[in-house]
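A closer look at the structure
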Amino acid sequence: MSEETEVVVVGAGQAGVAMSEHLGVHGVPHIVLERHRIAERWRSERWDSLVANGPAWHDRFPGLEFSDVDPDVHPDAFASKDQIADYFVTYAEKIGAPIRCGVEVTSVRKRTGRPGFRVETSQGPIDARFVVAATGPFQRPVIPPIVPDGAVPVQLHSSGYRNPEQLPEGAVLVVGAGSSGVQIADELRRSGRRVFLSVGPHDRPARQYRGRDFCWWLGVLGRWDAETPPQGAEHVTIAVSGARGGHTVDFRALAADGVELVGLTASYDDGVLRFAPDLATNVALGDAKYLELLRAADAYAERNGLDLPEEPRAHDLGPDPEGVADPRLELDLAAAGVTSIVWATGFATDYGWLEVDAFDENGRPNQRRGVSSEPGVYFLGLPWLSRRGSSFIWGVWHDAGYVADHITTQRGYLAYGTTDRPGAAPAAWKN
């Protein structure tokens with residue numbers, strides 16, 4: 001015998017908790033299944049010193065302030081990874097989310113001759129009319145197959161990095177110029193390590209400008225609502241940091257502090273790693289995006305008569321360090337004493353358990369604003385699901401509201417004609 005419910009939500013991270021809140025508001029019976037603990041990835045798949053990349057006033061759900069969970073978290077501060085996990089545990093308790101931890105979903109298949117899906121789990125089957133995949137974008141760490149195993153003593157993904165003491169003595173190459181890469185490289189350098197940082201294309205907004213966080217500027221400028229990445233790119237690497245109270249990521253400052261910058265990691269042969277000659281270009285493009293945001297902020301402040309302190313020096317980038325103008329193109333790992341490589345190269349999704357027709361020819365979710373090509377299946381928590389802010393804490397909450405509305409509407413159609421009065425709108429339609 002299988003259990004039955006209207007909706008099964010797979011995953012109890014920020015997306016699953018948000019989904020549960022909106023379904024609860026609509027009165028939709030549902031179960032949230034989590035194979036580990038609530039917000040587990042924040043606890044066990046992040047480095048020890050990680051903090052949020054957005055201030056607490058911004059990176060939260062509307063119904064609860066961070067300071068209500070932990071009085072030590074000031075609205076302008078950047079919550080630690082454990083404070084974020086505790087926040088979602090508290091939020092789930094606040095809304096009474098029906099979350100079952102320690103339950104792994106092994107497969108989801110369409111039922112035969114009946115609407116809905118059979119959800120196979122480690123604790124038995126569940127039949128559901130709808131399924132929401134709320135497992136997010138950080139499912140499978142991606143390490144490009146460039147450096148063979150054994151070439152250096154340690155190679156690990158950023159999701160496996162914890163602290164400098166974890167790595168053997170020696171120099172470290174960090175590959176990736178997004179938030180994870182630059183923060184890990186900075187931490188390693190501050191611990192006394194020799195560090196090389198492989199820098200690819202990126203966006204690097206000012207952490208603060210004219211007394212406002214970049215999250216605020218993107219909000220008032222309407223940029224969180226952009227529906228497609230710039231120039232059609234699937235992903236934009238953003239170099240921003242809340243570490244040490246929050247600061248603007250500046251590759252010139254990293255170089256001045258002793259981090260050696262190199263271009264995109266290209267190939268490996270017989271102990272030598274080669275880099276693309278694109279470092280200056282990548283830094284310049286990041287600078288251009290940084291300056292463009294400052295100019296847009298200045299124009300907005302002037303247009304709206306905002307009395308915000310001007311920061312003309314923020315526009316002065318200074319000269320490129322020698323290593324940017326004439327970068328290293330090859331690195332003999334042994335000669336440089338490199339004993340570790342940290343790959344801050346992102347993640348791929350893994351929906352092997354979701355055995356339905358909801359993916360395109362490349363295996364990516366075929367969806368629009370979370371509504372998939374397979375009726376009854378939904379996705380939540382993915383970057384650019386509906387807009388630029390979709391993968392942020394507050395953004396996923398709003399996306400969950402749209403998905404919950406869609407589910408409620410579909411429940412109304414499916415229930416049509418099943419009440420005592422033929423053709424009457426069922427209760428589900430009225431929610």
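Residues numbered from 1 in each chain as written. Predicted model: local features only at pLDDT ≥ 70, side-chain atom pairs only at ≥ 80, totals over all residues. Heavy atoms only, no water.

**Here we look at the overall build of the protein**
Here is the rule: The helix count covers DSSP runs of H or I at least four residues long, the strand count covers runs of E at least two residues long, and both are numbered beginning at the N terminus. Atoms counted for the radius of gyration: C-alpha only. Globule rule: 2.2 Å times residue count to the power 0.38. Using a 1.4 Å probe on the protein chains alone, a residue whose accessible area is under 20% of its type maximum counts as buried, one over 50% counts as exposed, and one in between counts as partly exposed. Between two residues, a contact is recorded if the distance between any of their heavy atoms is within 4.5 Å. Only the protein chains shown count as cover for residues, with accessible areas throughout obtained via the Shrake-Rupley method and a probe of 1.4 Å. When charges are counted, Lys and Arg contribute as positive and Asp and Glu as negative, whereas His and the chain ends are disregarded. Charge positions are represented by NZ for Lys, CZ for Arg, CG for Asp and CD for Glu.
Of regular secondary structure, the protein possesses 11 helices and 21 strands. Over its C-alpha trace the protein gives a radius of gyration of 24 Å, about what one expects of a compact globule, namely 22 Å for 431 residues. Referenced to the eigenvectors of the C-alpha coordinate spread, the extents of the protein come out at roughly 80 × 60 × 40 Å. Here the protein holds 431 residues, and the buried ones make up 50% of them. Of the contacts formed within the protein by residues at least 6 apart in sequence, a portion of 68% connects residues at least 24 apart. Surface summary for the protein: the accessible area is close to 19700 Å², and the carbon and sulfur share equals 49%. One finds the centroid of the 42 positive side-chain charges in the protein at a distance of 5 Å from the centroid of its 58 negative side-chain charges.

**Comments concerning helix α4 (residues 81-95)**
We apply this condition: Multiplying one less than the number of residues by 1.5 Å gives the expected span of a helix. When we speak of the arc, we mean the arc of directions from the helix axis to the C-beta atoms.
The end-to-end C-alpha distance of α4 is 22 Å, a good match for the 21 Å that 15 residues give at a rise of 1.5 Å each. Looking at α4, one finds that the buried residues are Lys81, Ile84, Ala85, Tyr87, Phe88, Tyr91 and Ala92. Seen end-on, α4 carries its buried residues on one side only, within an arc spanning 150°. Phi turns positive, to about 65°, at Gly96, one or two residues after α4.

**Details of the sheet that holds strand β15 (residues 272-275)**
The strands that make up a sheet pair up through hydrogen bonds in the backbone, lying either parallel or antiparallel. Defined as follows: When DSSP finds two or more bridges between a pair of strands, those strands are recorded as paired. Fitting a line to C-alpha atoms yields each axis, with helices limited to the stretch in contact; the angle taken between N-to-C directions then spans 0 to 180 degrees.
Taken together, the 3 strands give an open sheet; going across it, the order is β14-β15-β16, and neighbouring strands pair in antiparallel fashion. Two strands bound the open sheet, and with one partner strand each, they are β14 (265-269) and β16 (330-332). Strand after strand, the sheet turns through a mean of 20° between neighbouring axes, direction not considered. Of the strand pairs in this sheet, β15 and β16 are connected by 3 bridges, and their pairing is antiparallel. Residue pairing in the sheet places Val272 in a bridge with Asp332 of β16.

**Structural notes on the pattern of salt bridges**
Opposite charge on two side chains permits them to pair, given that their charged atoms come into close proximity. Going by this rule: Salt bridge criterion: a side-chain nitrogen from Lys or Arg within 4 Å of a carboxyl oxygen from Asp or Glu.
Within this structure, the stated rule accounts for 28 salt bridges. Between Lys110 and Glu374 there is a salt bridge whose closest N-O contact spans 3.6 Å. Within this pair, whereas Lys110 is found in strand β4 (residues 105-110), its partner Glu374 is found in the loop between β20 (371-372) and β21 (377-379), the two being separated by 264 residues in sequence. One network of salt bridges, in which partners are shared, links Arg43, Lys81, Asp82 and Asp86.

**Remarks on the packing of helix α1 (residues 14-25) against helix α10 (residues 393-414)**
Just so we agree on the cut-off: When an angle is under 35 degrees it counts as roughly parallel; over 145 it counts as roughly antiparallel; between 65 and 115 it counts as roughly perpendicular; any other value is oblique. Here a crossing is taken to be left-handed if its near helix is turned anticlockwise relative to the far helix by less than a right angle, and right-handed if that turn runs clockwise.
Relative to each other, α1 and α10 sit at 45°, their axes nearing to 8 Å. Regarding the angle of α1 to α10, the classification is oblique. Read as a crossing pair, α1 and α10 show a hand that is right-handed. Facing Gln14, Ala15, Ala18, Met19, Glu21, His22 and Leu23 of α1, the residues of α10 in contact are Ile393, Val396, Trp397, Ala400, Gly401, Val403, Ala404 and Ile407.

**Quick word on the sheet that holds strand β9 (residues 171-175)**
Ordered in space as β8-β17-β9-β10-β13, the 5 strands form an open sheet in which the pairing is parallel. A strand with exactly one partner marks an edge of an open sheet, and here the two such strands are β8 (154-157) and β13 (260-262). Ignoring which end each strand starts from, the neighbouring axes of this sheet average 20° apart. Here strand β10 (residues 195-198) pairs with β13 via 3 bridges, running parallel. For Leu197, the partnering residue across the bridge sits in β13 and is Leu261.

**Details of the environment of Leu64**
Structurally, Leu64 is set in the loop between α2 (40-44) and α3 (66-69). In sequence terms Leu64 and Gly192 are 128 residues apart; their C-alpha atoms lie 40 Å from each other. Leave out the neighbours within four places in its chain, and Leu64 touches Val69, Tyr87, Thr90, Tyr91 and Lys94.

**Structural notes on the environment of Thr5**
Relative to the assigned elements, Thr5 resides in strand β1 (residues 3-10). With 321 residues separating them along the chain, Thr5 and Asp326 place their C-alpha atoms 62 Å apart.

**Comments concerning the packing of α1 against α4**
At a minimum axis separation of 10 Å, α1 and α4 run at an interaxial angle of 15°. Taken together, α1 and α4 sit at an angle that is classed as roughly parallel. Crossing of α1 against α4: the hand is left-handed. Between α1 and α4, the residues in contact are Gln14, Val17, Ser20 and Glu21 and Phe88, Tyr91, Ala92 and Ile95, respectively.

**So, the pairing of β10**
Counted only if it meets this: Here, the term right-handed applies to a crossover whose path from the first strand over the helix to the second runs clockwise when the strands point away from the viewer.
Here β10 shows two buried faces, one formed by Val195 and Leu197 and the other by Phe196 and Ser198. On the question of chirality, the crossover connecting β9 to the parallel β10 by way of helix α5 (residues 179-190) is right-handed.

**Notes on the confidence of the model for the protein**
Stated formally: The quantity known as pLDDT measures the predictor's confidence residue by residue, on a range of 0 to 100.
The pLDDT averaged across the protein works out to 93; a share of 95% of its residues lies at or above 70. The low-confidence segment residues 422-431 (pLDDT under 50) makes 19 contacts with residues lying over four places distant or belonging to another chain.

**Some points on the packing of aromatic side chains**
Test applied: The rule is short: rings of Phe, Tyr and Trp, with Trp giving its six-membered ring, pair when the centres are within 6.5 Å, and they are stacked under 30 degrees, edge-to-face over 60, tilted in between.
Across all of its chains, the model carries 18 aromatic pairs by this definition. Between Phe66 and Tyr87, the ring centres sit 4.2 Å apart and the planes meet at 20°, which makes this aromatic pair stacked. In this pair, Phe66 sits in helix α3 while Tyr87 sits in helix α4, placing the two residues 21 residues apart along the sequence. Using a relative accessible area of 3% as the deciding quantity, one classes Phe66 as buried.

**Considering unusual backbone geometry**
At Arg369, a position not held by glycine, the phi torsion is positive, near 55°. Within the secondary structure layout, Arg369 lies in the loop between β19 (367-368) and β20. Taking relative accessible area as the criterion, Arg369 reaches 38% and is therefore assigned partly exposed. With a phi close to 60°, Trp384 is a non-glycine residue in the positive phi region. Note on placement: Trp384 falls in the loop between β21 and α10. Trp384 sits in the buried class, given a relative accessible area of 17%.

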